[in-house]
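Commentary on secondary and tertiary structure
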Amino acid sequence: MPKFSYLLKLLTFLIGLVIALETISYLATRVIINKAVTQNARAELLAGGELFSRIMQKNAEQLALSVKVLTEDFGFKDAVATNDEKTIASALMNHSARVKADIGVMIGNDGKLVASDEKFALQLDNEFAGLQAQAQVRGQAYDIIFIDGHAYQFVMFAVKAPVVIGLAGMGFEIKQDFSAELRKLTGLEVSFVSHLDNEFHYLNGTLQDEQPNNLIAQLALNEKLGDVFIYDDFISLAVPATRQNQQLIAVLQVPLSHALSHFSHLNVQLFILALVFSLLAGVAALFLARSVTRPVTLLATIARRIAGGFYSTPIVVNSADELGDLARAFITMQKAIGEREQQVLYQSEHDPLTGLPNRLLIFPRLEDSISRSKPLQQSVFLLVIDIKNFTQINDELSQEIGDAVLREVGQKIDRLLNYGEVLRLGSDEFLAILMAPDKAAINEWVELIHAAFKTPLQVSGIQVSVEMNIGIAAYPEDADSADSLLRRANLALNHGRNSEQRSCWYQSGWDEKHLRRLHLFREFETSLHAGHISLYYQPKINLEQPDTLGAEALVRWHHPELGFISPDEFIGVIESSGQITILTRWALKTAIAHLRQLLDEQIKITCSVNLSALDLLVDELPAYVAELLQSQRVPAENLVLEITESAIMREADKCLNNLRRLRDLGLTLSIDDFGTGYSSLSQLKKLPVSELKIDKSFILNLDSSEDDQLIVRSTIELGHTLGLSVTAEGVESEAIKTLLKHYGCDTAQGYLYSKPLPAAEFIRWVHTYLIGLGR
Amino acid sequence: MNAWFGVKKYLVASGFYVLSQAVAAAQLNATIVDAQGAPLDDAVVALIPAQQPDYNSLPTAIMDQRQNMFVPKVLAIRTNTQVRFPNSDDVRHHVYSFSPAKKFELRLYHGMTAEPVVFDKSGTVVLGCNIHDSMVAYIYVVDTPYFAKSNASGQLHITAPAGDYKLQVYHPRLSGDYPESSLQLSDATPSQQTITLQPLSDSAGDAPTDELSTLF
């Protein structure tokens, strides 16, 4: 489907474009979002860091306040001044518990340390040196200290009474709870990392599983504090937990996925947007494609319509664009083609010479008339009109005059016909299709035509006499279809021509006969090759010398479906079709082969084979016969060729020439069916024949018809006068034989001796006959 | 760090009382300076005679409290001196001392209601007020009637009978002990001494600010 492929292309292109654009926009948005997210996260982290340092400070302040309260307590001062360790320790515990500090310590001026937790005190080494020094000088100190892998926020105050009599301090341990708390407050992952002796150590935090290790590795790799860095899935900020101490690092982190999660719905929206745009693009493509394909489809339809030969169907074109132009061009083309085709059609359907419709229109017009005739209750009459002497006119005058005659005749017939239609069938034949309720009107009109041509035509200043032959057939009386009507009208014409009638109506049966002839003509060669055609032999007996034998080869056709087909019927058919020469050659070949067989059986016999008029026109025949005789080693005198009188009438010279050549081969020629034709005696005299066969129509009733007796007797005498032997055909009784013998007839042939027999039977008959003769 | 507590005390029993004006035999004129040579006031110099006189009298000294300050800031007294702590302010004070030389406490009082305190041991007594942290005063209890406090120009004069003495120096800012030295006073000429005190703490006696913000 070309439309589909165009749509598909457009669709692919547009959707591809949208997807490309959306992808670019999506990626750009992604980049911007990532940037924004990172910035947001950075801001969040920094804010978190700020919050974190405030919380740390708050803790320290709280702690400081608490320590201050402790150091200013008079009782505590008293205890310190009096070096009452137990009281000091309990006071430390009490105050530490009050503010939930993890440890409290008191260092006397003499360096002695008292702690709230003795175990804790045991682990202390010199962690307080820095704090102590600072507190000595400033009265107070704050720092992060590391004890046994734990980090503490520590505040130390001088105990004054009123001069410094010792230092008291308290510490918050930075614990898991603290980071968890911080996470709750900031929403960030919080980790505490110690950075001692250039080594990072993860103290505690909210990271899980392997994450602490990764963080340590990352910190070792990237030691920048106070800056945001990104690794794995984390946006991270590492800051010193306090200003005072860089050894405790707080790491605040936002998981990227978490930061991006706010934007994930944006991604979904972008995706949906992309889908919607793709869909819109699809619709647009569909619309665009349709806006193109619809006119194209229309044009294709128009083109197909034109191809189908419809030129008059109007095409509605609304669009004013290029496609509209194309459509209009199509319409113009359609009109032009239509007009030209009309012209061509007219020319093809009309005879240029007479301007009459030609044979192409015969069937359409006939069928049209037939279909109209029924409702009108009329009959359709088809007249085939032939110029009887046209060939003569053409030959004797000139082709130009012939053409002029045709034009005149056509126009004259057309003028004479005030209803119906005249067509030119071909060469000198015209057709007239008429509708009338009965034959009478037609007969009138036929007579009108004959009358019209009584006066010669004036053509190129000369007068030309023409005569018409007219064959007529009627529908539905004579035929039930257009083609049978035409065929039957033609048959009527032929019949009329052959029987010298000016006008001839079709008689029922003619067509069937004609069709049978056609059938036989088609079947002939097949039958010949299939062996359905065979040669029968009828003996010819010499009346003076009964042992002088002859036989006439007769063609018999036993068709498996049509049965026995009379030679009278099919010989005529194959003569008119020209197939007779094939039959003759076959007959000669077969007969000579049989002769060879008879000769081989020591039977002296002559065999007659019939030749057709057409055979005599074939110059190769004598050579063929000679070759056959030679190849079968059959003496020429054993072969007799019979020809009919009428055969020699046409192209007599050529026939005579071929006959002489046959006779020169040494074989005998015989005139067949003598008495039925129109042969003249002068011609007979010229013929190189040696035998004359009297047609059986004169013989059959010889014993009863005096006329026949007279004719036969005269013919025999005539034959003998001309030096020919005479054979009588159709001898069926002893009486006739006796008569013939009496008349001096040389040879007799007929049922008296035998009917025609197949070769094998005939040979048996010969044996029987010869035995009967006493040989 | 035990600048205030580590002072060695020479508590010599004194069997007599001499009016310095009456028995003017020899004189020490001393100038007290710091390491930079600047004069120091409130420095106390005591001359401990080899023969401790007996003290039968009970002299009285005053340590007043005015405008939330002890006045004077430094008081030098002979052992067995009775010190009164009148309160001239309209607020009450809670004077105390945790010094080993004299531990006492005068609970909140007004005016002259407080009982006098007798300082019977030599040594440094640091006074404070439990209510007002900024109030600090020093009482130097010495085992001799021959002592003096430097004035603003760092000068002091002690008149004592000619003889051999141990010289002791006290000052609130003096961290560590001032080394004792021997001094022979003669009638002929007054002894001229310049005593350099070092090391000195930065602002001894001035209480550090209590602002927590300085922590962070």
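Look up: the structure comes first, before these words.
The text that follows walks through the structure, step by step, so that each part is easy to find. Because the structure is predicted, anything quoted here is derived from the model rather than measured.

Some thoughts on the overall build of chain A
Across its full length, chain A carries 24 helices and 27 strands. When each of the 775 residues of chain A is scored for burial, the buried share is 47%. Restricting the contact set of chain A to residue pairs at least 6 apart, pairs at least 24 apart contribute 63%. Carbon and sulfur atoms make up 54% of the accessible area of chain A, which amounts to about 38800 Å² in all.

Here's the deal with helix H19 (residues 652–664) of chain A
Residue and element names in this part refer to chain A. With 13 residues, H19 should reach 18 Å at 1.5 Å per residue; the first-to-last C-alpha distance of 18 Å fits that figure. Residues of H19 that are buried: Ala652, Cys655, Leu656, Asn658, Leu659 and Leu662. As for H19, its buried residues are in contact with strand E21 (605–611), helix H18 (621–632), strand E22 (639–644), strand E23 (668–674) and helix H20 (681–686).

As for helix H16 (residues 567–577) of chain A
Because an α-helix packs 3.6 residues into every turn, residues spaced three or four apart end up facing the same way. All names here are of chain A. Taken as a whole, H16 has its buried residues at Phe570, Val573 and Ile574. Each buried residue of H16 sits inside an arc of 85° when the element is viewed along its axis, so together they form one side. Structural note: H16 exposes Asp568 and Ser576 on the side pointing more than 90 degrees away from its buried face. Check the buried side of H16 and you find it contacts helix H15 (510–530), strand E19 (549–559), strand E20 (563–565) and helix H17 (580–600). Backbone geometry just downstream of H16 places Gly578 in the positive-phi region, at approximately 90°.

A closer look at the environment of Ser99 of chain B
Residues and elements named next belong to chain B. Inspection of the secondary structure puts Ser99 in the loop between strand E8 (93–97) and strand E9 (104–109). Between the C-alpha atom of Ser99 and that of Val125, which follows or precedes it by 26 residues, the distance is 5.1 Å. Leave out the neighbours within four places in its chain, and Ser99 touches Thr124, Val125 and Val126. In this structure the side chain of Ser99 is engaged in a polar contact, spanning 2.7 Å, whose partner is the backbone nitrogen of Val126.

A look at the sheet that holds strand E10 (residues 117–119) of chain B
Residues and elements named next belong to chain B. The sheet built from 3 strands is open, its strands ordered E3-E7-E10 with mixed pairing. Every interior strand has two partners, whereas the edge strands, strand E3 (60–62) and E10, have only one. Adjacent strand axes in the sheet meet at a mean angle of 35° when their direction is disregarded. Pairing geometry for E3 and strand E7 (residues 81–84), over 3 bridges, is parallel. Residue pairing across strands places Ala61 opposite Val83, the latter belonging to E7.

Thoughts on the layout of surface pockets
Residues and elements named next belong to chain A. Here the largest pocket is characterised by a volume of approximately 1200 Å³. Around the largest pocket sit 46 residues that line it, and Leu554, Asp568, Asn610, Asp672 and Asp673 are the ones nearest its centre. Of all the secondary structure elements, the ones that give two or more residues to the lining of the largest pocket are strand E18 (533–542), E19, H16, H17, E21, E22 and E23.

Here we look at the packing of aromatic side chains
In the structure shown here, the tally under the stated rule is 19 aromatic pairs over all chains. Geometrically, the ring pair formed by Phe104 of chain B and Phe119 of chain B is edge-to-face, given 5.8 Å between the ring centres and 85° between the ring planes. Of this pair, Phe104 of chain B sits in strand E9 while Phe119 of chain B is found in strand E10, placing the two residues 15 residues apart along the sequence. Classification of Phe104 of chain B as buried rests on a relative accessible area of 10%. One aromatic cluster is present, built from ring pairs that chain together Tyr537, Phe762, Trp765 and Tyr769 of chain A. Of note, Lys439 of chain A hangs over the ring of Trp505 of chain A, and the distance from its end group to the ring centre comes to 4.4 Å.

As for empty space enclosed by the protein
Take a probe with the size of a water molecule and roll it over the atoms, and the empty space left behind shows itself. Residues and elements named next belong to chain A. Under the criterion given, the structure shown has 3 cavities of 30 Å³ or more. The computed volume of the second largest cavity comes to approximately 50 Å³. Lining the second largest cavity are Tyr537, Ala551, Ala591, His594, Leu595, Leu598, Ile605, Cys607 and Phe762. Looking at the lining of the second largest cavity, the elements with two or more residues in it are H17 and E21. Looking at the lining of the second largest cavity, the element that brings in the most residues is H17, giving 4 residues.

A look at the sheet that holds strand E17 (residues 503–505) of chain A
Residues and elements named next belong to chain A. One open sheet accounts for 5 strands, arranged E12-E13-E11-E16-E17; its pairing is mixed. Both outer strands of the open sheet, strand E12 (421–426) and E17, are each paired with one neighbouring strand and no more. For this sheet, the mean angle separating the axes of adjacent strands, direction not counted, is 25°. In this sheet, strand E16 (residues 468–475) lies alongside strand E11 (residues 379–387) in antiparallel orientation, the contact comprising 8 bridges. Residue Asp386 lies in a different strand from E16, and its bridge partner there is Asn469.

Conventions adopted
Residues numbered from 1 in each chain as written. Chains lettered and ligands numbered in written order. Predicted model: local features only at pLDDT ≥ 70, side-chain atom pairs only at ≥ 80, totals over all residues. Heavy atoms only, no water. Helix = DSSP H or I, 4+ residues; strand = E, 2+ residues; numbered from the N terminus. Buried < 20%, exposed > 50% of the residue type's maximum accessible area, 1.4 Å probe, protein only. Contact = heavy atoms within 4.5 Å. Areas by Shrake-Rupley, 256 points an atom, 1.4 Å probe, with all protein chains shown as cover. Expected span 1.5 Å × (residues − 1). Arc of directions from axis to C-beta. Polar contact = N/O pair within 3.5 Å; in protein donor to acceptor, adjacent residues only side chain to side chain. Pairing = 2+ DSSP bridges. Axes fitted to C-alpha atoms, helices over the stretch in contact; angles between N-to-C directions. 1 Å grid on protein atoms, 1.4 Å probe; cavity = no way out; pocket = protein on both sides within 12 Å on 5 of 7 lines; lining within 4 Å. Points joined across faces, edges and corners; volume = space filled by probe spheres on them. Phe/Tyr/Trp six-rings, centres within 6.5 Å; stacked < 30°, edge-to-face > 60°. Lys NZ or Arg CZ within 6 Å of the ring centre and 35° of its normal.

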